[in-house]
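Remarks on the overall topology
Now for the letters of each chain:
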Amino acid sequence: VVSNPSGVGSDDVSLKNILVGDGHVVSFLDDESFNAGSYDLIVVSAGVSNIGGVFDNTRYRTLFLGNSAAKKAGLSSGSTTSSRRRSEIRDITHYITEDYNLGDLDLYTSTGSMSYLNGCKANGSYSLVSHDSDNSEIVVFGVDHNSMLIDSGCTDRDKRIYESNVFFGLNEVSKWNSDAENLFKRSIVWLITSGLVDEDGDGYDSLESGGDD
């Protein structure tokens, strides 16, 4: 989802090329209206500040590149930005980050803008990667299905999410190194499959359908 499908920015084009390279079919959608049910996953550009009235992230797998849209959608109560190169891996028990070790890691090839979520977080969420010197500022953040989203006042958690969401605040795609790209690709896989793979070839790859892969 981009603000202007006829004038897409270079980072959004780079992101599309990464997805197409992995075999996905990608369409640029405007931020006014579209049939969300036609897509397996919706990626919200950093340039889109609000998805209110456009589609319901609680009903569709969504990856947010911008913290404003993610905050307004109920993932957290606060947001901020900074200019960094390094981040910190905070949780390696989750599929997105399980390839990594805990601690600091460069994710940009040079210093660039990163967006963060902070404040109160949705119940059933995973703070995976943070600002390297402030663990409260989260740059990669997952929210599992059946979690409860938060309001801006940190008071209500009464909005259930029926499909997983990810916030991915490394929005300068042109500065991604291989680790940043890998984290993005793993975020996509987790959103679509919950990280479950049919390892034994029995035709089941999710707990919901009886598999235990």
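Here's a quick rundown of the structure.

Analysis parameters
- Residues numbered from 1 in each chain as written.
- Predicted model: local features only at pLDDT ≥ 70, side-chain atom pairs only at ≥ 80, totals over all residues.
- Heavy atoms only, no water.
- Helix = DSSP H or I, 4+ residues; strand = E, 2+ residues; numbered from the N terminus.
- Polar contact = N/O pair within 3.5 Å; in protein donor to acceptor, adjacent residues only side chain to side chain.
- Disulfide = S-S within 2.5 Å.
- Buried < 20%, exposed > 50% of the residue type's maximum accessible area, 1.4 Å probe, protein only.
- Phe/Tyr/Trp six-rings, centres within 6.5 Å; stacked < 30°, edge-to-face > 60°.
- Lys NZ or Arg CZ within 6 Å of the ring centre and 35° of its normal.

A word on the side chain of Ser115. For Ser115, the location among the structural elements is in strand 6 (residues 112-121). Within the structure, Ser115 has its side chain in polar contact with the side chain of Asn171 (distance 2.7 Å).

Within the structure shown, the criterion is met by one disulfide. In this model Cys120 forms its disulfide with Cys154; the gap between the sulfur atoms is 2.2 Å. Judged by the sign of its S-S torsion, about 110°, the cystine formed by Cys120 and Cys154 is right-handed. In this pair, Cys120 is assigned in strand 6 and Cys154 in the loop between strand 8 (134-149) and strand 9 (159-160), connecting sequence segments 34 residues apart. Classification of Cys120 by relative accessible area gives partly exposed; the value is 24%. In this structure Cys154 comes out as partly exposed when scored by relative accessible area, which is 32%.

All right, on to the packing of aromatic side chains then. For the coordinates displayed, the defined rule picks out six aromatic pairs. Grouping aromatic residues by their ring pairs yields a cluster made of Phe34, Tyr39 and Phe55. In this structure, Arg186 is placed above the aromatic ring of Tyr95, and the distance from its NZ or CZ to the ring centre is 4.0 Å.

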